[in-house]
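Architecture and fold: a report
Chain by chain, the residues run as shown.
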Amino acid sequence: MPLTGKQRRALRALGHHLEPVVLIGQNGITDGVVAAVDQALHDHELIKVKLTPEDRKESAERLAEATGAELAQLLGRTALLFKKRDEDSKFEKF
């Protein structure tokens, strides 16, 4: 189920202080990057990913789709991704 505007706004507020946990290098989105992002989403639910400047929008959307996450924000070279865990979620209202 896609996020509503209010949910996106709340996630952006919660993610403001976060540091990027995954950096996308010159090789782009590889299987290893997808696995790292998927693991980080499982651990944290809300993460920032630093993208390369070229094709950042397509990269962010492709990464969200590959991991089953929602793209909460794309600001500059930083994407904020959210994927709620089924159990023990910190984000019950989402």
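**Comments concerning the overall build of the chain**
The number of helices and strands found in the chain is 3 helices and 4 strands. Computed over the C-alpha atoms, the radius of gyration of the chain is 12 Å, within 12% of the 12 Å expected from 2.2 N^0.38 for a compact globule of 94 residues. Projected onto its principal axes, the C-alpha positions of the chain cover 35 × 25 × 25 Å. For the chain, the residues scored as buried account for 37% of the 94 residues in total. The long-range share in the chain, meaning contacts at least 24 apart out of those at least 6 apart in sequence, stands at 68%. When the accessible area of the chain is evaluated, it comes to approximately 6100 Å², of which 49% is carbon and sulfur surface. The centroid of the 15 positive side-chain charges in the chain is displaced by 9 Å from the centroid of its 15 negative side-chain charges.

**So, the packing of aromatic side chains**
Within this structure, the stated rule accounts for 1 aromatic pair. Here the aromatic rings of F82 and F91 are separated by 5.2 Å at their centres, their planes lie at 80°, and the arrangement is edge-to-face. Across this residue pair, the class does not change: F82 and F91 are buried.

**Structural notes on the layout of surface pockets**
Estimated volume of the largest pocket: approximately 160 Å³. What lines the largest pocket is M1, P2, L3, Q7, G68, E70, F82, K83, K84 and F94. For the lining of the largest pocket, a count of residues per class yields 5 nonpolar, 2 polar and 3 charged.

**Observations regarding the pairing of strand β1 (residues 20-23)**
Sheet analysis places β1 next to strand β2 (residues 46-50), joined by 3 bridges and oriented parallel. When the bridges of β2 are listed, P20 appears paired with K48. For the crossover that starts at β1, traverses helix α2 (residues 31-44) and ends in the parallel β2, the hand is right-handed.

**Observations regarding the sheet that holds strand β3 (residues 70-75)**
Strand order across the open sheet formed by 4 strands is β1-β2-β4-β3, with mixed pairing between neighbours. A strand with exactly one partner marks an edge of an open sheet, and here the two such strands are β1 and β3. For this sheet, the mean angle separating the axes of adjacent strands, direction not counted, is 30°. Packed on one face of the sheet, helix α1 (residues 5-15) meets β2, β3 and β4 (78-82) and runs near 60° to β3. The sheet contacts of helix α3 (residues 56-67) involve β2, β3 and β4, and relative to β3 the element is tilted by about 160°.

About the thresholds
Residues numbered from 1 in each chain as written. Predicted model: local features only at pLDDT ≥ 70, side-chain atom pairs only at ≥ 80, totals over all residues. Heavy atoms only, no water. Helix = DSSP H or I, 4+ residues; strand = E, 2+ residues; numbered from the N terminus. Rg over C-alpha atoms; globule rule 2.2 N^0.38 Å. Buried < 20%, exposed > 50% of the residue type's maximum accessible area, 1.4 Å probe, protein only. Contact = heavy atoms within 4.5 Å. Areas by Shrake-Rupley, 256 points an atom, 1.4 Å probe, with all protein chains shown as cover. Lys, Arg positive; Asp, Glu negative; His and termini not counted. Charge placed at Lys NZ, Arg CZ, Asp CG, Glu CD. Phe/Tyr/Trp six-rings, centres within 6.5 Å; stacked < 30°, edge-to-face > 60°. 1 Å grid on protein atoms, 1.4 Å probe; cavity = no way out; pocket = protein on both sides within 12 Å on 5 of 7 lines; lining within 4 Å. Points joined across faces, edges and corners; volume = space filled by probe spheres on them. Nonpolar A, V, L, I, M, F, W, Y, C, P; charged D, E, K, R; others polar. Pairing = 2+ DSSP bridges. Right-handed = clockwise from strand over helix to strand, strands pointing away. Axes fitted to C-alpha atoms, helices over the stretch in contact; angles between N-to-C directions.

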